Amino acid sequence: MTIKIGNKSIDPTKIICLGRNYIDHAKEMEAQIPKSPVFFVKTVNTLVTNGNPIIYPKLLYNDENYNRVDHEVELACVISKTCKNIQAEQGYEFVEGYSVFLDITARKMQISDRNINLPWYRSKNFDSFGPIGPKIVPFDAIIDPHNLNIQLKINGETRQQSNTKHMIFKIPDILAYLSKFITLVSGDIVATGTPSGVGPIQPGDTIEASITQIGTITHKVILGE
Ligand code: MG
């Protein structure tokens, strides 16, 4: 699926997301600190660009067992070229650039599925649950991607505020690890996990997610079908 982010078009085949990659977020979820990266997949139907709405599905909104949808702001890497079985020292060669990503999550559904040993898949992959943008900043324009302030506001109020230096696994190690299992290709998106402060969104909310040196994406939450 081709998607235009800022002035650049990419053709991602998948979005790989890290779970529990900030110590403070692992703690707030009462999860173990992982010994190696924990990852899962989002599908490309989730992607929406800056300014487009996040759709809160009625199926979730009208069901008290499922009516919590959370924001997770994350630094995303866009992959530059085919990446398979690489070494961490080569990692940055495979980064086209960086963007702001929101890993929107149907939290109650995720937790209830996990509690009966089902995958997280459906809770992560509703349409519009992967906002990205506002542009792809070339990798060489950011000297240290692990020293960027990362922030999320709802209706102007700060909910997440951290720095990418608090990531447990850094980008080159993440790409080396992922590439053992999955062939990443040009345009694929790797989201590097969220800091603490995740919480619910509601129809009518306006979400602003920002990373210094990249920019801000702004999305209204609307109730869908
Ligand atoms: Mg996440």
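Scroll up for the structure.
Since this is a predicted model, take the numbers as computed values, not measurements.

Quick look at the pattern of salt bridges
At step 1: On inspection of all chains with the given rule, the structure shows 10 salt bridges.
At step 2: For E72, the salt bridge goes to K124, with nearest N and O atoms at 3.8 Å. Taken together, the residues span a long stretch of sequence, with E72 in the loop between β7 (69-71) and β8 (73-79) and K124 in helix α4 (residues 121-124) at a distance of 52 residues.
At step 3: A residue is classified by how much of its surface remains accessible, and E72, at 5% relative accessible area, is buried.
At step 4: A network of salt bridges, in which partner residues are shared, links K42, R68, D70, E72, D103, R107 and K124.

What to know about the packing of aromatic side chains
At step 1: Under the defined criterion, the tally for this structure stands at 6 aromatic pairs.
At step 2: Ring centres of F39 and F181 lie 6.1 Å apart, and the angle between their planes is 35 degrees; on these two criteria the pair is classed as tilted. Here F39 is found in strand β4 (residues 38-42), whereas its partner F181 is found in helix α5 (residues 171-181), with 142 residues between them in sequence.
At step 3: Judged by relative accessible area, which is 48%, F181 ranks as partly exposed.
At step 4: With a centroid separation of 5.4 Å and 90 degrees between ring planes, the pair formed by Y56 and Y61 is classed as edge-to-face.
At step 5: We classify Y61 as partly exposed; its relative accessible area is 36%.
At step 6: Taken together through their ring pairs, the aromatic side chains of F39, Y177 and F181 make up a single cluster.
At step 7: In this structure, K81 packs its charged tip against the face of F94, placed 5.1 Å from the ring centre.

About the thresholds
Starting from 1, residues in each chain are numbered consecutively following that chain's sequence as written. Totals for whole chains, interfaces and linings use all residues, but because this is a predicted model, local features are given only for residues with pLDDT of at least 70 and pairs of side-chain atoms are given and counted only at 80 or more. To get the side-chain values, take all heavy atoms of the structure and skip hydrogens and water. Note on definitions: salt bridges are taken to be side-chain nitrogens of Lys or Arg within 4 Å of carboxyl oxygens of Asp or Glu. A helix here means a DSSP run of H or I that spans at least four residues, while a strand means a run of E at least two residues long, and both kinds are numbered starting from the N terminus. Throughout this description, buried means an accessible area under 20% of the type-specific maximum (1.4 Å probe, protein chains only), exposed means over 50%, and partly exposed covers the range between. Only rings of Phe, Tyr and Trp enter the pairing, Trp through its six-membered ring, and a pair is recorded when the two centres are within 6.5 Å. The plane angle decides the type: under 30 degrees is stacked, over 60 is edge-to-face, the rest tilted. Our definition puts a charge over a ring when NZ of Lys or CZ of Arg is within 6 Å of the ring centre and also within 35 degrees of the ring normal.

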